[in-house]
Amino acid sequence: MAEPEFTATGVRIDKRLRSLTRAGQVRIRDGRLQLLTSYGSEIDSAPVQAVRASKPWFASEDRALADLNGQRYSLTLGDHDPAPGEPGPPAARRFIEAVRRAAGRDR
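Since the model is a prediction, treat every value here as computed from it, not as a measurement.

A.B. asks: Help me understand the sheet that holds strand 5 (residues 52–54) in this model?
C.D. replies: Each strand in a sheet pairs with another by means of backbone hydrogen bonds, the pair being arranged parallel or else antiparallel. Pairing in this open sheet of 7 strands is antiparallel, and the strands run 4-3-2-1-7-6-5 from one edge to the other. The open sheet is flanked by strand 4 (42–47) and strand 5, the only strands paired with a single partner. Strand after strand, the sheet turns through a mean of 30 degrees between neighbouring axes, direction not considered.

Right, dumping it as structure tokens:
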């Protein structure tokens, strides 16, 4: 069975009140979640089994939280990820579902 993969570009990645990048990437590949800058430098990475992804309570549909290696990152993923003309859930929901599938936690 092939590993589930997820890629989102143009992601704003914040750590606490500090913005780390406004056009970063979030990638799930080979069982690892990677947070990358706009230049492709790694901010942080961890095995998906050790990652906790969630949705902030009172945030917009494009926001998600990711806990990696004891650090909490706030991700702002745009709704532009579905291909033009294709309906799809907001990118934050797709990200959370991709982390759960890759880690074997299907809900």
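A.B. asks: Sorry, what's going on with the pattern of salt bridges here?
C.D. replies: A side chain with one charge can pair with a side chain of the opposite charge if their charged atoms come near. For the coordinates displayed, the defined rule picks out 4 salt bridges. Aspartate 67 is the salt-bridge partner of arginine 52, the closest N and O atoms lying 2.6 Å from each other. Separated by 15 residues along the polypeptide, arginine 52 in strand 5 and aspartate 67 in strand 6 (residues 63–68) bring together distant segments of the chain. By relative accessible area, aspartate 67 is classed as buried at 16%. Two residues, arginine 72 and aspartate 67, come together in a salt bridge whose shortest N-O distance is 3.0 Å. One continuous salt-bridge network, built from bridges that share partners, spans Arg52, Asp67 and Arg72.

A.B. asks: Looking at this structure, how should I read the environment of serine 60?
C.D. replies: Relative to the elements of secondary structure, serine 60 occurs in the loop between strand 5 and strand 6. For the pair serine 60 and alanine 92, spaced 32 residues apart in sequence, the C-alpha to C-alpha distance is 9.4 Å.

A.B. asks: Whenever I open this one, the environment of glycine 31 confuses me. Can you help?
C.D. replies: Checked against the element boundaries, glycine 31 lands in the loop between strand 2 (18–29) and strand 3 (32–36). Residue classification places glycine 31 among the buried positions, given a relative accessible area of 14%. Between the C-alpha atom of glycine 31 and that of valine 48, which follows or precedes it by 17 residues, the distance is 5.7 Å.

A.B. asks: Can you walk me through the packing of aromatic side chains in this structure?
C.D. replies: Aromatic rings considered in pairs are described by the distance between their centres and by the relative angle of their planes. Tallied over the entire structure, the rule returns 2 aromatic pairs. Where phenylalanine 6 meets phenylalanine 95, the ring centres are 5.8 Å apart and the plane angle is 55 degrees; that geometry is what we call tilted. Linking phenylalanine 6 in strand 1 (residues 6–15) with phenylalanine 95 in helix 1 (residues 91–103), this pair joins segments that are 89 residues apart in sequence. Judged by relative accessible area, which is 0%, phenylalanine 95 ranks as buried.

A.B. asks: I'm lost on the nonpolar core in this one. Help?
C.D. replies: Within soluble globular proteins, side chains that are nonpolar tend to cluster in buried spots. Ranked by internal contacts, the top residues of the largest apolar core, which has 26 residues, are Leu75, Leu77 and Phe95. Mapped by element, the contributors of at least two residues to this core are strand 1, strand 2, strand 3, strand 6, strand 7 (71–76) and helix 1. The leading source of residues in this core is helix 1, at 8 residues.

A.B. asks: I tried to follow the pairing of strand 7 on my own but got confused; where do I start?
C.D. replies: In summary, the side chains of a regular strand alternate between the two faces of the sheet. As paired elements, strand 1 and strand 7 share 4 bridges and run antiparallel to each other. Each residue of the ladder has a partner; that of isoleucine 13, found in strand 7, is leucine 75. Summarising the sheet, strand 6 and strand 7 pair through 6 bridges and their orientation is antiparallel. Its bridge partner being in strand 7, arginine 63 is matched across the sheet by threonine 76. A loop of 2 residues connects strand 6 with strand 7, the two strands running antiparallel in sequence, and asparagine 69 in this loop sits at a positive phi of about 50 degrees.

Rules used throughout
- Residues numbered from 1 in each chain as written.
- Predicted model: local features only at pLDDT ≥ 70, side-chain atom pairs only at ≥ 80, totals over all residues.
- Heavy atoms only, no water.
- Pairing = 2+ DSSP bridges.
- Helix = DSSP H or I, 4+ residues; strand = E, 2+ residues; numbered from the N terminus.
- Axes fitted to C-alpha atoms, helices over the stretch in contact; angles between N-to-C directions.
- Salt bridge = Lys/Arg side-chain N within 4 Å of Asp/Glu carboxyl O.
- Buried < 20%, exposed > 50% of the residue type's maximum accessible area, 1.4 Å probe, protein only.
- Phe/Tyr/Trp six-rings, centres within 6.5 Å; stacked < 30°, edge-to-face > 60°.
- Core = buried A, V, L, I, M, F, W, Y, C linked by side-chain atoms within 4.5 Å.

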